[in-house]
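Residues per chain are reported as follows:
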Amino acid sequence: MKFPSLTETGRRRKLEPTMRTVVMVLSAAFAIWVVHSNLFVIADPLIQGILFISGIFTILFMAIGATSRAPDRIPFYDWFLTALSLACGVYFYMTSDAIADRISLLDTFTADQMFFGSALLFLTIEATRRTTGLGLTGVVMLFLIYNLFGYLLPPPFGHRVSEFSYLLDILVFTTDGLFGVPIQVVASYVFLFVMFGTFLAKAGGGDFFFNLAALITGRARGGPAKIAIISSGLYGTMSGSPTSDVVATGSITIPVMKRLGYRARFAGAVEVAASTGGSAMPPIMGSAAFIMAEYSGISYNSIVLAALVPALLYYTGVFAQVHLRSVKYDLRPSEEEVPSAKETFRTGWVFLLPIIGIVTALVLGYSPTFTAGVGVLVTVLASMILKETRLSLWQMVEGFGTTTLQILPVAGACAAAGLVIGGLSMTGLGMKSANVILNISNAEPFLTLVIAAIVTIILGLGMPTPSAYILAAVLVGPALAKLGFPVLPSQMFLLYYAILSALTPPIAVAAIAASAIADEDPFKIAFSAVRLAIVGFLLPFAFVWNPGILLELGALANAIAVVGAFAGAIAIAASMEGLIKTQLQGWERVVLPLAAVGAVSPYLLVASLCILLIVGLIARQIVFTASEGRVNKV
């Protein structure tokens, strides 16, 4: 018999109708407060962070049970944690003036400050365990232990003695810890963009994007797999979570692929690779991009512009491999009725208005918070145009409430990341880890990048993307900065590997989610997904070497870099899959990857020659197969 374990993540409760309504209304009220505090009030960041965390935890302990086998009825201990969370919020709000006036590390704590500060620290650890499991919680506990007892370690990892009150002061009573950048970003940009995605889905935007993907590729060979790629990318940029993307779109695409004869392993891998890339797809890119903007000092608009080409390259690589394999194995198009353009846009055109609104606001230079607010407002107004998309009053309440419930795991993860960051700044471990990485790599740039990629993937195993990126930014980022790598390419490098950790074995959380739908071994799905996403694993090295891929150079250099990158992505896909029905010759499989490397070179002549070589090799293969009569037109 399996007993419930506190090392598991908690389960989302299926509350009885009355209690579900109460929680939904409370969640909606909290979401409205977040909108008001972001768009209409200039609040102290510390107090706003405290109120946000306390409100989130109040709802979290009602909505998420302690273990995977927790009862649907809320037990007394969760009522206690709910009340304690609320009490912390009330206390810190009532004493906000005293907290703002106290001098950190000099003023001693009162008994009540010590109690409520310790309570909030405990609540954060428990909320992290329930929402993300043992992985991130273990990391947090490890750092807390290091902060308290690291003085016992020899140099260079030892530090001065840290009393608990000193630790509590930094982590809870300043904006350097729990209420630092991660939670401030979640309480503003991320919350509002998740709200945008929620309202868009409530009005039927998800169906429109799926139908749009089906319209574009549904009648092509391998149509269902291509539908999965496009729809998952469109959905993933709003959700920012590969796992939730797999569940949302994969529940439709994976069964269709299997029904048409696709192997379960391949069907799951396509969905995982496509869903993972959504977190890198502008304009929203999930919450990590907002955090990057805060850490790097680069505007969110600049990050979105720089991320556009790499995201398209990632999907080009996945799409090209799927297409080539579909032709090679004669994978049929969907037998489902593909909607016509008239059917797709008859009501779906209204969902283009919020996207236009967001892009316009970004181009005009408005802040991400204001841009997200515009997206939500335009979505609600656009939904009112047609009867089929019109949101009722209760659907709006559900839209607000569902946003809060969807943000619970992200808030738990980012609150925990704030504890880690506070501990790192307090002990200086971030710079020490950078020195260790540079010593291992002997400060050799390429080897340092390889180590940075491996460490970031390991940090991200089993963790949400924002947490993985934050840990990588504070632990690995300083090493890249010491070697003189530019800020934007190096931070984008870390973000990509934090995203890709979702499909990387041995944990591969996105593959685990797909395995339940595909009824296949998650390890098999994960390894196949890594193969499909191979361009994504190589891409960060390319744009660090040649920032023109991020549109960071002059017009000519940018143009050649982009063309070379797309040629390289197709060359890598062709080398992995072969072309059409014939296999590439051995020498071609060697030359194509080498040519792909040259195509992304910052040296314009080398890049141009390699682009021509790739085009020539692919053209040769197509002409050869055509002459043999073995080309199946798609």
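Our subject is the structure that appears above.
1. Considering the environment of Pro310
With respect to the helices and strands, Pro310 occurs in helix H14 (residues 300–328). By relative accessible area, which is 0% here, Pro310 ends up buried.

2. Details of the packing of helix H12 (residues 264–277) against helix H25 (residues 522–532)
Look at H12 against H25: their axes get within 8 Å of each other, and the N-to-C directions meet at 55°. The angle between H12 and H25 falls in the class oblique. Taken as a pair, H12 and H25 cross one another with a handedness that is right-handed. For the pair H12 and H25, the contacting residues are Arg265, Gly268, Ala269, Val270, Val272 and Ala273 in the first and Lys524, Ile525, Phe527, Ser528, Ala529 and Leu532 in the second.

3. Quick word on the packing of aromatic side chains
Scanning all chains against the criterion turns up 26 aromatic pairs. Ring plane angle 55° and centroid distance 5.6 Å describe the contact between Phe92 and Phe173, whose orientation is recorded as tilted. With Phe92 in helix H3 (residues 76–94) and Phe173 in the loop between helix H7 (164–172) and helix H8 (181–202), the pair connects residues that are 81 residues apart, well separated along the chain. Like Phe92, the residue Phe173 is buried in the burial classification.

4. Notes on helix H16 (residues 352–363)
With 12 residues, H16 should reach 16 Å at 1.5 Å per residue; the first-to-last C-alpha distance of 16 Å fits that figure. When we look at burial in H16, the residues that qualify are Pro354, Gly357, Ile358, Ala361 and Leu362. The buried residues of H16 occupy an angular sector of 125° when projected down its axis, which confines them to one face. Each element contacted by the buried residues of H16 is listed here: H8, H14 and helix H17 (368–383). Of the residues one or two after H16, Gly365 is the one with positive phi, at around 90°.

5. A few points about the nonpolar core
One finds Phe52, Phe92, Leu120, Tyr469, Met492 and Phe493 to be the most contacted residues of the largest nonpolar core, which totals 211 residues. The element that contributes the greatest number of residues to this core is helix H18 (residues 393–427), accounting for 15 residues. For Phe493, the contacting residues outside a window of four places in its chain are Leu449, Ala452, Ala453, Pro540, Phe541, Phe543 and Val544.

6. Quick look at the state of the cysteines
A full pass over the atoms with the stated rule returns zero disulfides. Looking at the unpaired Cys88, the closest cysteine sulfur is the one in Cys414, lying at 20 Å. Cys88 gets classed as buried once you look at its relative accessible area, which sits at 0%.

Cut-off values and rules
Residues numbered from 1 in each chain as written. Predicted model: local features only at pLDDT ≥ 70, side-chain atom pairs only at ≥ 80, totals over all residues. Heavy atoms only, no water. Helix = DSSP H or I, 4+ residues; strand = E, 2+ residues; numbered from the N terminus. Buried < 20%, exposed > 50% of the residue type's maximum accessible area, 1.4 Å probe, protein only. Axes fitted to C-alpha atoms, helices over the stretch in contact; angles between N-to-C directions. Parallel < 35°, antiparallel > 145°, perpendicular 65-115°, else oblique. Left-handed = near helix turned anticlockwise from the far one by under 90°. Contact = heavy atoms within 4.5 Å. Phe/Tyr/Trp six-rings, centres within 6.5 Å; stacked < 30°, edge-to-face > 60°. Expected span 1.5 Å × (residues − 1). Arc of directions from axis to C-beta. Core = buried A, V, L, I, M, F, W, Y, C linked by side-chain atoms within 4.5 Å. Disulfide = S-S within 2.5 Å.

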